[in-house]
2 protein chains.
Amino acid sequence: MEGAAVAAVAPAGNDAAWDIIELLFFAYRDFVGDPDEVLLKYAFGRAHHRVLHFVNRNPGMKVADLLDILNITKQSLGRVLKQLVDQGFILQKEGEQDRRQRLLYATPKGEALSYKLAQLQTERINRAFAELGPGAHDAARRFLTAMIDSDNREGVLRQIARGDRAKPRG
Amino acid sequence: MEGAAVAAVAPAGNDAAWDIIELLFFAYRDFVGDPDEVLLKYAFGRAHHRVLHFVNRNPGMKVADLLDILNITKQSLGRVLKQLVDQGFILQKEGEQDRRQRLLYATPKGEALSYKLAQLQTERINRAFAELGPGAHDAARRFLTAMIDSDNREGVLRQIARGDRAKPRG
DNA sequence: AATTTATGTCAGTCATGTTGACATATTTTG
DNA sequence: CAAAATATGTCAACATGACTGACATAAATT
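What counts and what doesn't
- Residues numbered from 1 in each chain as written.
- Chains lettered and ligands numbered in written order.
- Predicted model: local features only at pLDDT ≥ 70, side-chain atom pairs only at ≥ 80, totals over all residues.
- Heavy atoms only, no water.
- Contact = heavy atoms within 4.5 Å.
- Buried area = accessible area lost by both parts, 1.4 Å probe.
- Salt bridge = Lys/Arg side-chain N within 4 Å of Asp/Glu carboxyl O.
- Near = heavy atom within 4 Å.
- Polar contact = N/O pair within 3.5 Å; in protein donor to acceptor, adjacent residues only side chain to side chain.
- Helix = DSSP H or I, 4+ residues; strand = E, 2+ residues; numbered from the N terminus.
- Nonpolar A, V, L, I, M, F, W, Y, C, P; charged D, E, K, R; others polar.

J.: Whenever I open this one, the interface of chain A and chain B confuses me. Can you help?
T.: Interface extent is often summarised as the accessible area lost during association of the parts. Opposite the 68 residues of chain A that make contact, chain B presents 67 residues. In total, about 6900 Å² of surface goes out of reach between chain A and chain B, with carbon and sulfur atoms giving 69% of it. Broken down residue by residue, the surface that chain A buries against chain B is led by Trp 18, Leu 23 and Met 147 of chain A, which jointly contribute 9%. Where chain A touches chain B, the interface holds eight salt bridges. In this structure, Glu 131 of chain A and Arg 153 of chain B form a salt bridge, with 3.1 Å as the shortest nitrogen-oxygen distance.

Set out below in structure tokens:
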């Protein structure tokens, strides 16, 4: 039996999924590395990038929603958010129904930077899909989705769908 | 400036690859999140995890090789490496041909921790592949490979192949 | 013998995360 | 209405893991 041979001694040593661990590490390293040079010119870091990206994708989102997505504390968020607001990349508007809320919007300036950064990443992604041929996009989407915690998965997908709805012009 | 006037341009707004940007973010967030709890108990961080992982996969690797893989400075590496050595997870052996080199090996203790952490990640990966059916592993491997910088790609693949060669005991 | 290489280390800084405590305005609830 | 809960912001202290720059040591190479 094949299964018996594989299960022998090494605990996880020849698990076929090991290559994915490493490929994911290298792919992600290069993927997030692209925007870093651009961010340097603005004296921003990856934290700013993440905030700007999700705000741009979800105009009018609440601070609390952003905290949930990023999985960080409000103190951590506060620092970078303040810089983005002070420098005119993001603006905060009082909620209309609930005036405690500070709804977040990317300014045109913020939108421009967000797109610029996203473009570097979509270029890499599209280059990969061009290499791999049709079906690759769908396969990648399904793989990445399956890698997300199942409890969060629906929320994430709704999140992404919301973003698609918010930007569909052109 | 009421946020309504989205007069600007929409350069990459409806690029189909946008969903991959976000899925990659969430998938990676959950993927690296798994080992974090375990690492907490050892007072280690992700930096330790990465070092231990690659050393375990490449017994006898040079410090310089590790620096190349991790893309960090020797000062950054030095701190976490010292802790791993002091606490008996990694040992350094003088190179035989070149006695300046400190070749790195995981101790049995280090190997055990490395496997424990990897197992959390392979469980997630295998769960995903089980969901997706046959062909998913290959598709994921090809996608992630295509996402790596093409200049590094060969080196990375050689690196992964070396790791596979180093661990096949059963 | 001089230079280069592999590694280590000291010292200071920065970015980004954490906890804990507290403040303020607003909405919801008893 | 008063009290409690909620959304957000802020101060202070601290940890991790990056960074730069300078310098040290031993061994290999020229």
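J.: What's the story with the protein's contact with DNA strand D in this structure? I'm lost.
T.: Around DNA strand D sit 24 residues, and of these Lys 74 and Arg 100 of chain A together with Arg 50, Thr 73 and Gln 75 of chain B come closest. Each atom of DNA strand D within 4 Å of the protein belongs either to a base or to sugar and phosphate, the latter forming 56%. Here a phosphate oxygen of DNA strand D sits 2.9 Å away from a polar atom, N or O, in the side chain of Gln 92 of chain A. Listed by contribution, the elements that provide at least two residues to the surface near DNA strand D are α4 (63-70) and α5 (74-86) of chain A together with α2 (46-57) and α4 (74-86) of chain B. Element by element, the count of residues in the surface near DNA strand D is highest for α2 of chain B, at four residues. Classifying every residue of the surface near DNA strand D gives four nonpolar, ten polar and ten charged.

J.: In this structure, what is going on with the protein's contact with DNA strand C? I would like to understand it.
T.: Near DNA strand C there are 24 residues, and of these Arg 50, Ser 76 and Arg 79 of chain A together with Lys 74 and Arg 100 of chain B occur at the shortest range. When the atoms of DNA strand C within 4 Å of the protein are sorted by group, sugar and phosphate make up 53%. Within the contact set of DNA strand C, a phosphate oxygen lies 2.5 Å away from a side-chain nitrogen or oxygen of Arg 50 of chain A. At 2.9 Å, a side-chain N or O of Gln 92 of chain B approaches a phosphate oxygen of DNA strand C. Looking at which element gives the most residues to the surface near DNA strand C, the answer is helix α3 (residues 46-57) of chain A, with four residues. For the surface near DNA strand C, a count of residues per class yields four nonpolar, ten polar and ten charged.

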